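# Architecture and fold: a report
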Amino acid sequence: MGRYDGQRIGLRDNLTGELIIAYPYDVSGPDELVCKRVKSWYYQTNCSVEEQLRTAYVDLLTDEEISEYALR
């Protein structure tokens, strides 16, 4: 069981800390596997984000981000 199990997560920019995208699926498994799965999913949505993924990291969403994401 990892830190991200059952949590709302997304990708953040390492330099600014801004949310790039929220991951829309349920999360479970070891953190390393979750991070690979999220980055792979984002890459599959748009192959031109490869450079952006180099400085992105998986992180928990804040309550505000969860509320904003639920409205979309």
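Notes on the structure in this doc start here. These figures come from a predicted structure and were not determined experimentally.

Conventions adopted
- For every chain, the first residue of the written sequence is number 1, and numbering continues from 1 along that sequence.
- At least 70 in pLDDT is required for a residue's local features to be given in this predicted model, at least 80 for side-chain atom pairs to be given and counted, and no such filter applies to totals for whole chains, interfaces and linings, which use all residues.
- Side-chain descriptors were evaluated using all non-hydrogen atoms of the structure, hydrogens and water having been removed beforehand.
- Under the DSSP-based scheme used, a helix requires at least four consecutive residues in state H or I and a strand at least two consecutive residues in state E, with every element numbered from the N terminus.
- The salt bridge definition used is simple: a Lys or Arg side-chain nitrogen within 4 Å of an Asp or Glu carboxyl oxygen.
- Only protein chains enter the area calculation, which uses a 1.4 Å probe; residues under 20% of their type maximum are buried, those over 50% are exposed, and those in between are partly exposed.
- Pairing between strands is defined by DSSP: at least two bridges between them are needed.
- Orientation is described by lines fitted to C-alpha atoms, with helices fitted over the stretch in contact, and by angles between N-to-C directions that extend from 0 to 180 degrees.
- Any two residues having at least one pair of non-hydrogen atoms within 4.5 Å are treated as being in contact.

## As for the environment of Ser 40
With respect to the helices and strands, Ser 40 occurs in helix 1 (residues 31–45). The spacing of Ser 40 and Leu 53 is 13 residues in sequence and 9.5 Å in space, taken between C-alpha atoms.

## Some details on the pattern of salt bridges
Applying the stated criterion across every chain yields a total of 6 salt bridges. Residues Arg 12 and Asp 59 are paired through a salt bridge, measuring 2.9 Å at the closest nitrogen-oxygen approach. In this pair, Arg 12 sits in strand 1 (residues 9–13) while Asp 59 sits in strand 3 (residues 56–60), placing the two residues 47 residues apart along the sequence. With respect to class, Arg 12 is no different from Asp 59; both count as buried. Residues joined in a network through salt bridges with shared partners are Arg 3, Arg 12, Asp 59 and Glu 65.

## Thoughts on the pairing of strand 2 (residues 19–22)
Here strand 1 pairs with strand 2 via 3 bridges, running antiparallel. If you follow Leu 11 over to strand 2, its bridge partner there is Ile 21. Hairpin geometry of strand 1 and strand 2 is characterised by an intervening segment of 5 residues between the two adjacent antiparallel strands and by a positive phi of about 80° at Gly 17.

## Points about the pairing of strand 1
The buried fraction of strand 1 amounts to 5 of the 5 residues, a majority that puts the element mostly inside the structure. Residue alternation in strand 1 divides its side chains into two sets, Ile 9, Leu 11 and Asp 13 and Gly 10 and Arg 12, and both sets are buried. Where strand 1 lies against strand 3, 5 bridges are found, and the strand directions are antiparallel. Pairing of Leu 11 across the sheet is with Val 58, part of strand 3.

## Overview of the sheet that holds strand 2
Judged by pairing direction, the sheet is antiparallel, and its 3 strands sit side by side in the order 2-1-3 without closing on themselves. At either end of the open sheet lies a strand with only one pairing partner, and these are strand 2 and strand 3. The average undirected angle you get between the axes of adjacent strands in this sheet is 30°. Seen against the sheet, helix 1 touches strand 1, strand 2 and strand 3 and runs at an angle of roughly 75° to strand 1.

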